[in-house]
Amino acid sequence: TVDSRVQVGIRSDAVTLHAPADSPPADGTSARNRFEGTVVDLDRGTAVASVEVDVGGPAPLVALLTHESLDRLSLEPGASVVVTFKATATRAIAVE
């Protein structure tokens, strides 16, 4: 209903990270949701890495990356990145 509060979740496997200089233009991809942010934490894990990015919201966005992508982007805490995702990767849940 109108004026209802929701919490929006984004699937971490649908979040992509780009180096700021190499990020596609907003109208150059179907992933139109785009935020600039800073890596605040990462966990290499055994199969995939989990990267937390502060984009100025109440909680960081999380992206799952292969180790190859993590190394190619030279990601570490403090690194600047561009985060993109498609609207179809989001889920809104009513908050009571």
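The following refers to the structure shown. (Residues numbered from 1 in each chain as written. Predicted model: local features only at pLDDT ≥ 70, side-chain atom pairs only at ≥ 80, totals over all residues. Heavy atoms only, no water.)

### What to know about the pattern of salt bridges
The tally for this structure, following the rule as stated, stands at two salt bridges. For Arg 11, the salt bridge identified is with Asp 13, shortest N-O distance 3.2 Å. Among the ionic pairs, Arg 44 bridges to Asp 71, the shortest N-O distance being 3.2 Å. Of this pair, Arg 44 sits in the loop between β3 (33-43) and β4 (49-54) while Asp 71 sits in helix α1 (residues 67-72), placing them 27 residues apart in sequence. On the basis of relative accessibility, which here comes to 37%, the residue Arg 44 falls in the partly exposed class. Residue Asp 71 is classed as partly exposed on the basis of its relative accessible area of 48%. (Salt bridge = Lys/Arg side-chain N within 4 Å of Asp/Glu carboxyl O. Helix = DSSP H or I, 4+ residues; strand = E, 2+ residues; numbered from the N terminus. Buried < 20%, exposed > 50% of the residue type's maximum accessible area, 1.4 Å probe, protein only.)

### Quick look at the sheet that holds β3
Taken in spatial order, the five strands line up as β2-β6-β3-β4-β5 in an open sheet, and their pairing is antiparallel. In this open sheet, the two strands that pair with only one neighbour each are β2 (16-18) and β5 (61-65). The mean inter-strand angle of the sheet, taken between neighbouring strand axes irrespective of direction, is 45 degrees. Note that β4 and β5 share five bridges and pair antiparallel. Directly across from Ala 49, in β5, lies its bridge partner Leu 65. (Pairing = 2+ DSSP bridges. Axes fitted to C-alpha atoms, helices over the stretch in contact; angles between N-to-C directions.)

Take it as geometry only, folks, not as evidence of what the structure does.
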